[in-house]
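Single-letter residue listing:
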Amino acid sequence: MAQGKIHISTIAVVLAALVFAIAYLGRAKEPILQIVSPDKMMSTTEKAALPNGTDSKFAESVINSSSYAVFLCRSEYTSGNANSLEALRGWAAQQFHNDPRFLHPVILPKAAGTSTFINSTAHTLFAAPYYFASQAAASAIAARVDSYCQSESFRIFKNDFTGLFGSETEAATLLARYQSDRARNAINPLLSVLFWLLTAVLSPILIAPFKRSASFWRAPFASDERVDRKSAAAAAYFSYFVSFLALYYTAQAIVVESTAGPSAIAAIVCGASALYVLFPIKVFVDNDEVLFLRSTITTRSVVISAWLFLSVLSIQMLTWIKQGVLTEPDPISLLISSVTGDFIHDPLTAKRWISTAIALSWTASFAFILKILSRRGSESSREVTKKLAGLGAKL
């Protein structure tokens, strides 16, 4: 036992020394991501004829114009382009109001979120991998945007855009900045999807310790080997998913400090739920002491708990879809745009399909849960019948 303690202490000291060395010697810098280039916004002939517009005049024309009169090309994209142009105009007016020269900013390094020792340690260890992953995601999104810029949809939008804002250099820069701003917001949702895909791919390997732990905890209650194995497997899968959900919320609380409080609470709830399902206990209180004893949970209870978690996650996704607007796109919209490369239009059709798929999946799972709940009475009746039959035989 002493050797084990020394071994653990040695590992802790080595890790602390490694983190300190990285903090002292290394410095991960946040990359400057220009996902969309202004050169991509105009064709070669247009770029050659572009005048050198002045930032101040263009800013004044955007801020001071209360309304715009523009004739949109009649096409299947007309209504969508009208909404997109208005959203872009409102965004540009707000940006120019905050900083008239925001199109050509002097980019200064920003301080990382290091308000606590947890943030500082996490930044030291994971900043470099996170920035590398962000650059990879930005490159993938940039490739999709470049592909969209060759489409008929973008060509028609560009015609409407130049009719509204002109064809000068500042207008092309404005459109590029608008797309880049939204594309940067799509990086974290895209990395989140990759995180969950990696979690699913690695589940056959990582779930084995959860199964062993669940089986060990339930060993004293073993009666039917098949039922016990099924219960332990259900608890292991549930705990695996919810544990990684807690890890995700913890990372979100560390990286995005603006959501640190709600994310930390969600992480605590998920972590506590995973531990309880994996290691269930019963509390007995008498006059002398409080006893915490091992217990077990039926497969039925684990499945219902999993359904409740999936239900609240489905509600969150539906809330994103319903409340997301063109001026403030939700994570689902940003994910769709990162795949299509279109950060200009609101992907209403895709969001309707996704919300319909969520509703149908939830309805099917709800019917399954109702079926499980309906079995309780019949099973109890059979058990009572068997007991009465046994008593009758004894009499």
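Calculation criteria
Residues numbered from 1 in each chain as written. Predicted model: local features only at pLDDT ≥ 70, side-chain atom pairs only at ≥ 80, totals over all residues. Heavy atoms only, no water. Helix = DSSP H or I, 4+ residues; strand = E, 2+ residues; numbered from the N terminus. Buried < 20%, exposed > 50% of the residue type's maximum accessible area, 1.4 Å probe, protein only. Contact = heavy atoms within 4.5 Å. 1 Å grid on protein atoms, 1.4 Å probe; cavity = no way out; pocket = protein on both sides within 12 Å on 5 of 7 lines; lining within 4 Å. Points joined across faces, edges and corners; volume = space filled by probe spheres on them. Nonpolar A, V, L, I, M, F, W, Y, C, P; charged D, E, K, R; others polar. Phe/Tyr/Trp six-rings, centres within 6.5 Å; stacked < 30°, edge-to-face > 60°. Expected span 1.5 Å × (residues − 1). Bend = angle between axes of the 7 residues up to and from the residue. Salt bridge = Lys/Arg side-chain N within 4 Å of Asp/Glu carboxyl O. Patch = residues over 30% accessible without salt bridge, like charges linked within 9 Å, V, L, I, M, F, W, Y side chains within 5 Å. Areas by Shrake-Rupley, 256 points an atom, 1.4 Å probe, with all protein chains shown as cover. Core = buried A, V, L, I, M, F, W, Y, C linked by side-chain atoms within 4.5 Å. Lys, Arg positive; Asp, Glu negative; His and termini not counted. Charge placed at Lys NZ, Arg CZ, Asp CG, Glu CD. Axes fitted to C-alpha atoms, helices over the stretch in contact; angles between N-to-C directions. Parallel < 35°, antiparallel > 145°, perpendicular 65-115°, else oblique.

## Notes on the overall build of the protein
Then comes step 1: What the protein contains, in helices and strands, is 14 helices and two strands.
Then comes step 2: Taking all 395 residues of the protein together, the buried fraction comes to 31%.
Then comes step 3: Restricting to contacts in the protein with at least 6 residues of sequence separation, those with at least 24 account for 78%.

## Observations concerning empty space enclosed by the protein
Then comes step 1: Tallied over the full model, the rule gives one cavity of 30 Å³ or more.
Then comes step 2: Of the volumes computed, that of the largest cavity is approximately 80 Å³.
Then comes step 3: With three residues, helix H13 (residues 331-340) is the largest single contributor of residues to the lining of the largest cavity.
Then comes step 4: In terms of residue class, the lining of the largest cavity is built from six nonpolar, four polar and four charged.

## Examining the packing of aromatic side chains
Then comes step 1: The final tally for this structure, using the stated rule, is 20 aromatic pairs.
Then comes step 2: Plain terms: the ring middles of Tyr-130 and Tyr-131 are 5.9 Å apart, the flat faces sit at 50° to each other, and that makes the pair tilted.
Then comes step 3: Given the relative accessible area of 29%, Tyr-130 is considered partly exposed.
Then comes step 4: On the basis of relative accessible area, Tyr-131 is assigned to the buried category, the value being 13%.
Then comes step 5: Centre to centre, the rings of Tyr-148 and Phe-154 are 5.8 Å apart; their planes meet at 70°, and the pair counts as edge-to-face.
Then comes step 6: Taking relative accessible area as the criterion, Phe-154 reaches 2% and is therefore assigned buried.

## Topic: helix H5 (residues 117-148)
Then comes step 1: Helix length check: H5, at 32 residues, gives a terminal C-alpha distance of 43 Å against a target of 46 Å (1.5 Å per residue), a fit within 8%.
Then comes step 2: Maximal helix bending in H5 amounts to about 55°, located at Phe-126; proline Pro-129 follows within four positions.
Then comes step 3: Taken together, the buried positions of H5 are occupied by Asn-119, Ala-122, Ala-127, Tyr-131, Ser-134, Ala-137, Ala-138, Ile-141, Ala-142, Val-145 and Tyr-148.

## A short note on the environment of Asp-99
Then comes step 1: Relative to the elements of secondary structure, Asp-99 occurs in the loop between helix H4 (78-98) and H5.
Then comes step 2: With 40 residues separating them in the primary sequence, Asp-99 and Ala-59 have C-alpha atoms 9.4 Å apart.

## Considerations on the pattern of salt bridges
Then comes step 1: The final tally for this structure, using the stated rule, is four salt bridges.
Then comes step 2: Arg-155 serves as the salt-bridge partner of Glu-152, at 2.5 Å between the closest nitrogen and oxygen. With a gap of three residues between them, Glu-152 and Arg-155 both fall in helix H6 (residues 152-165), about one helical turn apart.
Then comes step 3: Residues Lys-351 and Asp-330 are paired through a salt bridge, measuring 3.6 Å at the closest nitrogen-oxygen approach. Pair noted here: Lys-351 is in helix H14 (residues 348-394) and Asp-330 is in the loop between helix H12 (299-323) and H13, with a separation of 21 residues, a long-range link.

## Quick word on a nonpolar patch on the surface
Then comes step 1: A cluster of nonpolar side chains, contributed by Ile-11, Leu-15, Leu-18, Ile-22, Leu-125 and Phe-126, occupies part of the molecular surface with about 530 Å² of accessible area.
Then comes step 2: Counting residues per element, the nonpolar patch draws most heavily on helix H1 (residues 2-25), at four residues.
Then comes step 3: Mapped onto the fold, Leu-18 is located in helix H1.
Then comes step 4: Residue class for Leu-18 comes out partly exposed when judged on its relative accessible area of 47%.

## Digging into the nonpolar core
Then comes step 1: Core analysis: the biggest nonpolar cluster contains 41 residues, and Ile-35, Ile-141, Phe-165 and Leu-174 have the highest contact counts within it.
Then comes step 2: Mapped by element, the contributors of at least two residues to this core are helix H3 (55-64), H4, H5, H6, helix H7 (169-185) and helix H8 (187-201).
Then comes step 3: When residues in this core are grouped by element, the largest group, seven residues, is from H4.
Then comes step 4: Here Leu-174 is in contact with Phe-58, Leu-88, Trp-91, Ala-92, Phe-102, Leu-103 and Phe-165, once residues within four sequence places are set aside.

## Overview of a positive patch on the surface
Then comes step 1: There is a patch of like positive charges on the surface, built from Arg-226, Lys-230, Lys-371 and Arg-375.
Then comes step 2: Breaking the positive patch down by element, the ones donating at least two residues are helix H10 (225-255) and H14.
Then comes step 3: With respect to the helices, strands and loops of the structure, Arg-226 is situated in helix H10.
Then comes step 4: Arg-226 gets classed as exposed once you look at its relative accessible area, which sits at 56%.

## Here's the deal with the packing of H8 against H13
Then comes step 1: H13 packs onto H8 with a crossing angle of 85° between their chain directions and a minimal axis gap of 9 Å. On the basis of their axis angle, the class for H8 and H13 is roughly perpendicular. Across the interface between the two elements, Pro-189, Leu-190 and Val-193 of H8 pack against Pro-331, Leu-334, Leu-335 and Ser-338 of H13.
Then comes step 2: Here the contact of H8 with H13 is built from residues that sort into six nonpolar, one polar and no charged.

## Notes on H8
Then comes step 1: The end-to-end C-alpha distance of H8 is 21 Å, a good match for the 21 Å that 15 residues give at a rise of 1.5 Å each.
Then comes step 2: By the burial criterion, the buried members of H8 are Ile-187, Pro-189, Leu-190, Leu-191, Ser-192 and Thr-199.

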